[in-house]
Amino acid sequence: MATLEARISNAGIEIAKPGFDVRTASLANMAFSPNLVAMRVALEGTITAVPHSEGAPYTAYYKATKVFPTPFPDPPYALVAGIGSDGTSYQAPFVINTAGGGFLEVTPHFELNTYADRIDLYVMQWSAGGVLLPTTWKYWIFQNTLY
Amino acid sequence: MFRQAFRGWDGGIFKFRITRPDRTVDARYASIDDCVFHEQMLFTQPYWLGFVPCPFAGVVSKDLLDQTATVSIPNAGVSDPEYVMFPRNVSGRNCFPRPASVGSGNSQDGYVSEAWAIRMVSITATSLTLRFTKPALSLQSPLGCSVVLMKRG
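Residues numbered from 1 in each chain as written. Chains lettered and ligands numbered in written order. Predicted model: local features only at pLDDT ≥ 70, side-chain atom pairs only at ≥ 80, totals over all residues. Heavy atoms only, no water.

## Describing the overall build of chain B
For chain B, the helix and strand inventory stands at 1 helix and 12 strands. Along chain B, helices and strands appear, N-terminal first, in the series β-β-β-α-β-β-β-β-β-β-β-β-β. Against the 2.2 N^0.38 benchmark of 15 Å for 153 residues, chain B shows a C-alpha radius of gyration of 23 Å, more extended than a compact globule. Oriented by its inertia axes, the alpha-carbon framework of chain B measures out at about 80 × 30 × 20 Å. Scored against the burial criterion, the 153 residues of chain B give a buried share of 51%. (Helix = DSSP H or I, 4+ residues; strand = E, 2+ residues; numbered from the N terminus. Rg over C-alpha atoms; globule rule 2.2 N^0.38 Å. Buried < 20%, exposed > 50% of the residue type's maximum accessible area, 1.4 Å probe, protein only.)

Below you can see the structure in the form of structure tokens.
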């Protein structure tokens, strides 16, 4: 029987590594398997972080929210990047820790929270270690979920 | 006449390509940048989206806690995947890169805040190990970390 190295069936797209047969190959010998997860970009766009009235730990942050048209079963896989005024992309997650005066503060440059129905993005509003963070952020939401 | 789509074996490589409408390159020889679809896009398949619990999740302590956690992953024939980590904080939020946190307290009893760190230690074909470190005097622990593993293609 000839080796069948790829096929499209009601199981999906199956592609074996060269020399292996999709009907018998182990998962490790598949180049693409419908038994594993797949992702597509479900949503993308830009959001703008603006002042808000929430208290600690977000008093030093601007906030942007993107509500999904349809909620996912669980929080989706989401990425963000700040878009600088010169077009550069900002992702560095530097963290500033300060202790004293009865408080310990842990403040990343930004915080992305993922929920089933939205993302909340907090962006430090002051010059963080000499870096003035952009308020316009690109986001990508993938059609698959964490967990 | 060039082909705008090609599917099949060519030189021992399975090719599955559809070129962009504005390109005139033959699909059989097209680079990924010339394609709306290219088989290499399949070969970077994400193969595990899972959660690694923190070994000391729920613990409130002023002591340093530093432990690793290992979970099993499906053997997709990959030992050096791309990975993305989404820490999950004490209240159950997936926070990237980490939660902001402000907590009151003092240098004797500690502070009600989250100053922990999560590190990728190792990924083998069948297991994944993360290291969770909670510094002394920062009382709260993470719940764990969501992880995405992706083939390199």
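Back to the text.
## Brief notes about the overall build of chain A
Summing up its helical and strand segments, chain A has 0 helices and 12 strands in all. Beginning at the N terminus, the succession of helices and strands in chain A can be written as β-β-β-β-β-β-β-β-β-β-β-β. Its C-alpha atoms give chain A a radius of gyration of 22 Å, clearly above 15 Å, the size a compact globule of 147 residues would have. Expressed along its principal axes, the backbone C-alpha trace of chain A runs to roughly 75 × 35 × 30 Å. By residue count, 41% of the 147 residues in chain A fall in the buried class. Considering only contacts within chain A whose residues lie at least 6 apart along the sequence, 56% involve residues at least 24 apart. Put simply, chain A shows about 7400 Å² of open surface, and 55% of that area lies on carbon and sulfur atoms. (Contact = heavy atoms within 4.5 Å. Areas by Shrake-Rupley, 256 points an atom, 1.4 Å probe, with all protein chains shown as cover.)

## Side note on the domain arrangement of chain A
With domains assigned, chain A is organised as domain 1 (6-36) and domain 2 (41-145). One C-alpha centre belongs to domain 1 of chain A, the other to domain 2 of chain A, and the line joining them spans 39 Å. (Domains from an automatic or database assignment.)

## Considerations on the sheet that holds strand β5 (residues 65-72) of chain B
Residue and element names in this part refer to chain B. Reading across from one edge, β5-β11-β10 is the order of the 3 strands in this open sheet, with antiparallel pairing throughout. Where the open sheet ends on each side, the last strands, each with one partner, are β5 and β10 (117-123). Mean inter-strand twist for the sheet, computed between neighbouring axes without regard to direction, equals 20 degrees. (Pairing = 2+ DSSP bridges. Axes fitted to C-alpha atoms, helices over the stretch in contact; angles between N-to-C directions.)

## Details of the interface of chain A and chain B
The interface of chain A with chain B comprises 46 residues on the first partner and 43 residues on the second. Here chain A and chain B share an interface that buries about 3600 Å² over both sides, 67% of which is from carbon and sulfur atoms. On the surface where chain A and chain B come into contact, there are 1 salt bridge. Glu-111 of chain A serves as the salt-bridge partner of Arg-93 of chain B, at 3.1 Å between the closest nitrogen and oxygen. Applying the counting criterion to the chain A and chain B interface returns 13 residue pairs in polar contact (both at pLDDT 80 or more). (Buried area = accessible area lost by both parts, 1.4 Å probe. Salt bridge = Lys/Arg side-chain N within 4 Å of Asp/Glu carboxyl O. Polar contact = N/O pair within 3.5 Å; in protein donor to acceptor, adjacent residues only side chain to side chain.)

## With respect to the pattern of salt bridges
Pairing between side chains of opposite charge can happen when the charged atoms of each approach one another. Residue and element names in this part refer to chain B. Across all of its chains, the model carries 17 salt bridges over all chains by this definition. The residue Asp-10 makes a salt bridge to Lys-15 at a minimum N-O spacing of 2.6 Å. Across the pair, exposure class does not vary: Asp-10 and Lys-15 are buried alike. For the salt bridge of Glu-82 with Arg-152, the shortest nitrogen-to-oxygen distance reads 3.1 Å. With Glu-82 in strand β6 (residues 82-88) and Arg-152 in the segment after β12 (144-150), the pair connects residues that are 70 residues apart, well separated along the chain. Classification of Glu-82 by relative accessible area gives partly exposed; the value is 39%. When salt bridges with common partners are traced through the structure, they connect Arg-20, Asp-22, Arg-23 and Asp-34 into a single cluster.

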